[in-house]
Amino acid sequence: MKKILIILLIAYVPVITSAQLFKCSGKKTIKALKNDLTTLADDKMMGREAGTEGEQMAAEYIAGRFKEIGLIPKGTENTWFQQFEFSGEAYLGENNHLLLNNKKFKPGSDYYPLSYSANGNVEGEIVKVGFGIIAPKLNHNDYDGKEEIQGKVFVIELSSPDGIHPHSKYIEHSDIDFKIETAIEKGASAIIFINSDKELDAPERKFSKIINPYEIPVIFAKGMAYKLIMDATKVKADLSVEIAKEKRTGKNVVGYIDNKAKSTVVIGAHYDHLGYGGDGSLYRGEKAIHNGADDNASGVSAVIELAKHYKESDKNNNNYLFITFSGEEKGLLGSNYYVKNPTIDLEKVNYMINLDMVGRLDKKKNTVVINGFGTSPEWEKAIEKTGSTGFKVKTSESGIGPSDQTSFYLKNIPVLHFFTGTHSDYHKPSDDIDKINFKGMLKIINYVEELMDELDDDGKLEFIKTKDVDSTKAPRFTVTLGVIPDYLFDGDGMRIDGVNEGRSAEAAGMKT
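Here is a short report on the structure shown in this document. The shown structure was predicted, so the numbers you read here are calculated from the model rather than taken from an experiment.

Reading guide: rules and limits
- Residues numbered from 1 in each chain as written.
- Predicted model: local features only at pLDDT ≥ 70, side-chain atom pairs only at ≥ 80, totals over all residues.
- Heavy atoms only, no water.
- Helix = DSSP H or I, 4+ residues; strand = E, 2+ residues; numbered from the N terminus.
- Buried < 20%, exposed > 50% of the residue type's maximum accessible area, 1.4 Å probe, protein only.
- Contact = heavy atoms within 4.5 Å.
- Areas by Shrake-Rupley, 256 points an atom, 1.4 Å probe, with all protein chains shown as cover.
- Pairing = 2+ DSSP bridges.
- Axes fitted to C-alpha atoms, helices over the stretch in contact; angles between N-to-C directions.
- Salt bridge = Lys/Arg side-chain N within 4 Å of Asp/Glu carboxyl O.
- Polar contact = N/O pair within 3.5 Å; in protein donor to acceptor, adjacent residues only side chain to side chain.
- Phe/Tyr/Trp six-rings, centres within 6.5 Å; stacked < 30°, edge-to-face > 60°.
- Right-handed = clockwise from strand over helix to strand, strands pointing away.
- Parallel < 35°, antiparallel > 145°, perpendicular 65-115°, else oblique.
- Left-handed = near helix turned anticlockwise from the far one by under 90°.
- Core = buried A, V, L, I, M, F, W, Y, C linked by side-chain atoms within 4.5 Å.
- Nonpolar A, V, L, I, M, F, W, Y, C, P; charged D, E, K, R; others polar.

### Details of the overall build of the protein chain
- For the protein chain, the count of helices and strands is 10 helices and 22 strands.
- Out of the 512 residues in the protein chain, the part that is buried amounts to 55%.
- Considering only contacts within the protein chain whose residues lie at least 6 apart along the sequence, 83% involve residues at least 24 apart.
- Here the protein chain has roughly 23500 Å² of accessible surface; of this, 48% comes from carbon and sulfur atoms.

### As for the sheet that holds strand β13 (residues 236-241)
- An order of β5-β4-β13-β7-β10-β11-β12-β6 is seen for the 8 strands of this open sheet, with the pairing classed as mixed. Two strands close off the open sheet at either side, each with one partner strand: β5 (103-104) and β6 (111-113).
- Note that strand β4 (residues 97-100) and β5 share 2 bridges and pair antiparallel. Following the sheet pairing, Leu100 is matched in β5 by Lys103.
- Of the strands in this sheet, β10 (153-157), β11 (190-194) and β12 (218-221) are in contact with helix α3 (residues 176-185), which crosses β11 at around 140°.

### Considering the pattern of salt bridges
- Throughout the structure, instances matching the rule amount to 13 salt bridges.
- When the shortest N-O distance is used, the salt bridge between Lys227 and Asp231 registers 2.9 Å. Of this pair, Lys227 and Asp231 both sit in helix α4 (residues 223-231), separated by 4 residues, roughly a single helical turn.
- According to the relative accessible area criterion, Lys227 is partly exposed, its value standing at 45%.
- A relative accessible area of 52% means that Asp231 is categorised as exposed.
- Taken together, the shared-partner salt bridges in this structure form one network comprising Glu49, Glu246, Arg248 and Lys330.

### Quick word on the side chain of Ser189
- Along the chain, the position of Ser189 falls in the loop between α3 and β11.
- Within the local environment of Ser189, its side chain forms a polar contact with the backbone oxygen of Gly151, the two atoms lying 3.0 Å apart.
- Among all residues touching Ser189, those that are not within four sequence positions of it are Val122, Gly151, Lys152, Val153, Ile216 and Pro217.

### A look at the packing of aromatic side chains
- Under the criterion given, the structure shown has 13 aromatic pairs.
- Consider the rings of Phe84 and Phe86, whose centres lie 6.0 Å apart with planes at 40°: the pair is tilted.
- The exposure class of Phe84 is buried, given its relative accessible area of 1%.
- Their ring planes at 65° and their centres at 6.1 Å tell us that Phe418 and Tyr447 sit as a pair that is edge-to-face. Residue Phe418 is located in strand β20 (residues 415-419), and its partner Tyr447 is located in helix α9 (residues 438-455); the two are separated by 29 residues in the primary sequence.
- Connected via pairs of aromatic rings, a cluster forms that spans Phe84, Phe86 and Tyr337.

### Digging into the pairing of strand β15 (residues 263-270)
- Counting buried positions along β15 yields 8 of 8 residues, so the element is predominantly enclosed.
- Burial along β15 is two-sided: Ser263, Val265, Ile267 and Ala269 and Thr264, Val266, Gly268 and His270, pointing in opposite directions, are all buried.
- As judged from the 8 bridges shared by β15 and strand β16 (residues 318-325), these two strands associate in the parallel manner. Paired with Ser263 across the bridge in β16 is Asn318.
- Handedness of the crossover is the feature at issue here: the chain leaves β15, passes through helix α5 (residues 293-312), returns alongside β16, and the resulting connection is right-handed.

### Describing the packing of helix α2 (residues 53-69) against α5
- One way to put it is that α2 packs onto α5 with a least axis distance of 10 Å and a crossing angle of 15°. The orientation of α2 with respect to α5, classified from their angle, is roughly parallel. Note on packing geometry: the crossing formed by α2 with α5 is right-handed. Across the interface between the two elements, Ile62, Arg65, Phe66 and Ile69 from α2 touch Val300, Val303, Ile304, Glu305, Ala307, Lys308 and Lys311 from α5.

### Some points on unusual backbone geometry
- The omega angle of the peptide bond from Asp295 to Asn296 is 5°, so this bond is cis rather than trans.
- Its place among the elements puts Asn296 in helix α5.

### Topic: the nonpolar core
- Phe66, Val253, Phe322, Leu355, Phe418 and Met452 are the most contacted members of the largest nonpolar core, which totals 59 residues.
- Non-local contacts of Phe66, meaning those with residues more than four positions away in its chain, are made with Leu71, Trp80, Val253, Val254, Gly255, Val303, Ile304, Phe322 and Thr324.

### Overview of the environment of Glu85
- Within the fold, Glu85 resides in strand β3 (residues 81-92).
- Sequence separation between Glu85 and Gly250 is 165 residues; the distance between their C-alpha atoms is 6.3 Å.

### Observations concerning the side chain of Ser376
- Within the secondary structure, Ser376 is located in the loop between β18 (367-371) and α7 (377-385).
- Apart from the residues lying within four places of it in its own chain, the contact partners of Ser376 are Pro414, Leu461, Glu462 and Ile464.

### A word on the packing of α7 against α9
- In the contact formed by α7 and α9, the axes pass within 9 Å of each other and the chain directions differ by 120°. Taken together, the axis directions place α7 and α9 in an arrangement best described as oblique. Two packed elements cross with a definite hand, and for α7 against α9 that hand is right-handed. Residues Glu378, Trp379, Ala382, Ile383 and Lys385 of α7 form the contact with α9, whose participating residues are Tyr447, Leu451, Glu454 and Leu455.
- Looking at the contact of α7 with α9 residue by residue, the classes come out as 6 nonpolar, no polar and 3 charged.

### Focus on the environment of Gly187
- Relative to the helices and strands, Gly187 resides in the loop between α3 and β11.
- For the pair Gly187 and Gly151, spaced 36 residues apart in sequence, the C-alpha to C-alpha distance is 5.6 Å.

Everything listed here is a matter of geometry and, on its own, says nothing about what the molecule does.
Right, here's the structure in full:
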């Protein structure tokens, strides 16, 4: 599940058990859930990272299950799949070099480009500008007395006059972004960062696609390159940077039940996970497969069972679209792409139910979280009438949440997101099938069926825009601007898919 922050607005629904319902469908459904979940969370799937062979294997398996159930393919061109492209990992291209006074240096051991860097080739004399700091209130200006420096390659120390620590007088001036922006204003054609502060670590070599590059090349020099820069009185630099981004293809898997009804219910779950770790992993050990049994093989297995139920059901007041998304872990990519390129008429969608991490119903707490409770007035009525839970229910109002229901909410569609809570195995290799509570999953599936049956003859649900607050399963990050970015957008700047009510972006007049 993607990390986007939310504070739960909590309501409780009394516990009412349904032993009879459990006995009717229990053993057969649990066996099917185990079979699907075991396959999807197997090491052979290699963690199902979007755009990888493991994701492809999982997609083929899900499509096979949809076909076996008797759904209609509803991807593109009458297939089960809807493909979308996204940017994968950034890597060094072929055109990277550094020459100082015509001496060639080795990438990695002597220098490396930073994520802030633009691609390009620059030749010119270097000029040392100290820490690259202008701080008038502290009577400090590293550019004072530096004349005719426009067009030169600036060499800048990473640290500050009194180091990098919480009590530094220069802390607000020491950010690498500020130094780059100041250097560009002063006419730098490229920047070479160096580090003479033994207490300060070198910048990360890992590229981040989140950082938008500046318009000039930016590298970090160390080793023999650093030594030459420090020792020589006059240095001419010839440097080239090429940071490339691999293009990957993700696949949504889409099946349909056509009841010739006026409206359609969407039931979804993401099937991708973290592969061998990388961005998003909370594991700090050696490289290992992240099987994502709860996140989110559990939700996909539940969707498959619901598809089977509604294929065999005589309920025909709605059509049913069953979709498993890829790229959720990378920013809701699959669901974002689907709502912008739908294979059905979204105007006819009644509501969307998302199942993400429904495999770890805690036997003591016995609580299921339902997010999106405020996106339609009909949810409260239906949940009150849906009694056979066997668990407590917590609800949150917001349609903006840490999973794929967000993409549908932003299209003014009522949504619910079912979630059994975070746990210590979240985004770690230990999220494995031995931790899954299959009886708890069955309770949730039965509850979703009852809820949908309760709404079956109520017509199209009214949509309500909620006052969105931020939350997460793993509270590590804070969002302050109040916008929902389009993570598929790869152009300049940031494209906005949604603006949260009552936040800074709305106050500033920003629009979707």
